[in-house]
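Below are the chains, spelled out letter by letter.
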Amino acid sequence: MEKVSVIIPVYNVQEYLEQCLRSVTGQTYQNMEIICVDDGSADRSLDILEAFARRDERIVIYRETVNRGQSHARNVGLEKASGTYVLFVDADDYIDKKLLEITVAGMECGNQTQQVDMVCFDYTEQDELWNGADKHRFFTESGIYKAGMFFTEAVNKNCVINSPWSRLYLREFLIREQIRFIDGIIYEDLVHYLECMVRADYVYCIPDRLYTYRVRGSSTMTGALSGKNVTDYFQVFCHIVRIYMEAGLETELAEAVETYIAHVYWWFENACYQYARKDDINLLKNKFRENKYAKLYSLYTKIASGAGEVRNLTREQIRCLRESRHIVVYGAGKIARDVISILDRYDIGIDGIAVSSLDGNPGSISGNRVRRMEAYMKYRTDSIVVIATAARFYPEIENKLGRLGFFHYIKPLEK
């Protein structure tokens with residue numbers, strides 16, 4: 001029975017830490033070491049860790065006197081790890097009691113035919129901030145995949161899970177490829193995920209929801225936007241461009257990575273837009289002056305112009321739109337404007353813009369008249385409708401299109 005190193009970075013999570021530790025120590029698969037890295041907590045987190053460690057000798061605590069960030073804590077845990085496999089768990093989340101049993105079995109099942117570097121699994125999002133419905137992301141079938149194929153399918157199905165806690169790793173793979181987390185920045189998960197997928201040979205996929213990710217108001221991902229968010233997005237974007245340029249990828253995987261890059265660039269662009277309303281208009285000046293970042297950033301324009309995927313429309317969708325006799329864009333907000341801009345870039349004209357109601361909507365967008373969907377009935381047999389709205393409106397719009405006889409439509413990938 002192989003040992004698993006469970007690495008838990010801990011920082012001011014006293015309200016959630018006990019549930020996390022109970023879920024780890026209560027695993028049906030017991031051969032593990034539990035490496036907890038307290039990253040300078042100022043609450044009772046360290047006391048809770050020490051109480052659990054007194055009761056369970058598998059728990060080992062390493063303490064930083066000052067907060068150095070989650071990336072640093074994970075790297076410390078990885079340096080101390082001695083298990084055959086590695087699992088990362090965030091201290092405010094918790095895991096299914098059979099997570100290790102199921103994923104280790106997947107790793108060993110895979111190894112009977114191919115060396116598996118990672119086992120990927122699904123999760124449940126527990127929304128405590130906005131009280132939304134529980135979510136998950138996996139739409140990939142169980143089995144062994146070449147890592148590049150798995151990544152490509154995840155991108156094409158819009159079910160990428162960047163978080164490092166969504167995979168069981170072969171520790172030898174992380175050591176061999178020298179994969180670590182970038183110290184000192186947030187959103188480092190985006191780089192880590194791409195690096196793993198580009199460098200791994202095979203992965204085993206388990207679509208079971210084995211991890212519960214908690215959305216809470218005081219976390220890094222839900223906190224207020226700051227200058228660090230903007231500069232870190234920029235650095236992350238440049239790092240993933242570097243990975244792309246150095247990897248020498250085959251065409252299909254290269255296209256998927258280009259899509260991934262475009263999505264991350266949109267997040268960076270959106271953060272810039274939001275932060276532009278704040279005081280520091282020269283926020284990125286010093287970062288752009290760094291040659292390595294300036295060079296990588298300039299490469300993006302070449303990727304964007306050479307890729308058939310721009311922002312959130314795929315090559316296949318662009319091809320279908322080129323071949324369609326009539327095109328109607330459904331929606332009159334920012335997403336619709338983005339889609340129209342993309343189509344303009346590809347010199348694809350549209351017949352007009354459709355909405356459910358004219359109330360509160362503009363009369364035209366970029367010279368295209370806005371009408372109710374019923375106004376385009378004459379095109380319904382030989383047209384494609386681009387649903388350019390937020391994803392939550394898709395079911396309602398699809399039902400409406402079906403009632404009107406519009407059966408050919410596409411939905412841009414969510415950014």
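Residues numbered from 1 in each chain as written. Predicted model: local features only at pLDDT ≥ 70, side-chain atom pairs only at ≥ 80, totals over all residues. Heavy atoms only, no water.

### Thoughts on the overall build of the protein
Per the secondary structure count, the protein includes 14 helices and 15 strands. Relative to its 415 residues, the protein shows a buried fraction of 54%. Restricting the contact set of the protein to residue pairs at least 6 apart, pairs at least 24 apart contribute 77%. Per element, the accessible surface of the protein, about 19,300 Å² overall, is 46% carbon and sulfur. (Helix = DSSP H or I, 4+ residues; strand = E, 2+ residues; numbered from the N terminus. Buried < 20%, exposed > 50% of the residue type's maximum accessible area, 1.4 Å probe, protein only. Contact = heavy atoms within 4.5 Å. Areas by Shrake-Rupley, 256 points an atom, 1.4 Å probe, with all protein chains shown as cover.)

### Brief notes about the sheet that holds strand E11 (residues 352-355)
Read from one edge to the other, the open sheet built from six strands follows the order E12-E13-E11-E10-E14-E15, with strand pairing classed as mixed. Of all the strands in the sheet, the pair left with one neighbour each is strand E12 (364-365) and strand E15 (409-410). Of the strands in this sheet, strand E10 (326-330), strand E14 (383-387) and E15 are in contact with helix H14 (residues 394-404), which crosses E14 at around 160 degrees. (Pairing = 2+ DSSP bridges. Axes fitted to C-alpha atoms, helices over the stretch in contact; angles between N-to-C directions.)

### Remarks on the pairing of strand E4 (residues 85-88)
Residues of E4 alternate between two faces, with Tyr85 and Leu87 on one and Val86 and Phe88 on the opposite face, all of them buried. Two strands pair when backbone bridges link them, and strand E1 (residues 4-10) and E4 are joined in this way by four bridges, in the parallel orientation. Looking across to E4, one finds that isoleucine 7 is bridged to phenylalanine 88. Inspection of the sheet shows E4 paired to strand E8 (residues 167-170) by three bridges, in the antiparallel sense. Counted as the bridge partner of tyrosine 85 is leucine 170 from E8.

### Notes on the confidence of the model for the protein
Low pLDDT marks regions whose predicted coordinates should not be analysed in detail. Taken over all residues, the pLDDT of the protein has a mean of 85, while the share at 70 or more is 84%. Per-residue pLDDT stays below 50 along residues 304-311; that stretch engages in 27 contacts with residues further than four places along the chain or on separate chains. (pLDDT = per-residue confidence, 0-100.)

### A short note on the pairing of E8
The side-chain alternation of E8 yields two buried faces, one formed by Arg167 and Tyr169 and the other by Leu168 and Leu170. Across three bridges, strand E6 (residues 118-127) lies against E8 in antiparallel orientation. From the neighbouring strand, cysteine 120 faces E8, where its bridge partner is arginine 167.

### As for the packing of helix H5 (residues 147-156) against helix H7 (residues 188-199)
Running from N to C, H5 and H7 point in directions that differ by 135 degrees, and their axes come no closer than 7 Å. It follows that H5 is oblique to H7 by the angle criterion. Touching Ala147, Gly148, Phe150, Phe151 and Ala154 of H5 are Tyr193, Leu194 and Met197, all from H7. Partitioning the contact of H5 with H7 into residue classes produces seven nonpolar, one polar and no charged. (Parallel < 35°, antiparallel > 145°, perpendicular 65-115°, else oblique. Nonpolar A, V, L, I, M, F, W, Y, C, P; charged D, E, K, R; others polar.)

### Looking at unusual backbone geometry
A positive phi angle, near 50 degrees, is found at asparagine 12, a position not held by glycine. If you trace the backbone, asparagine 12 turns up in the loop between E1 and helix H1 (17-25). Positive phi, normally seen in glycine, also occurs at asparagine 158, with a value near 55 degrees. Assignment of secondary structure puts asparagine 158 in the loop between H5 and E8.

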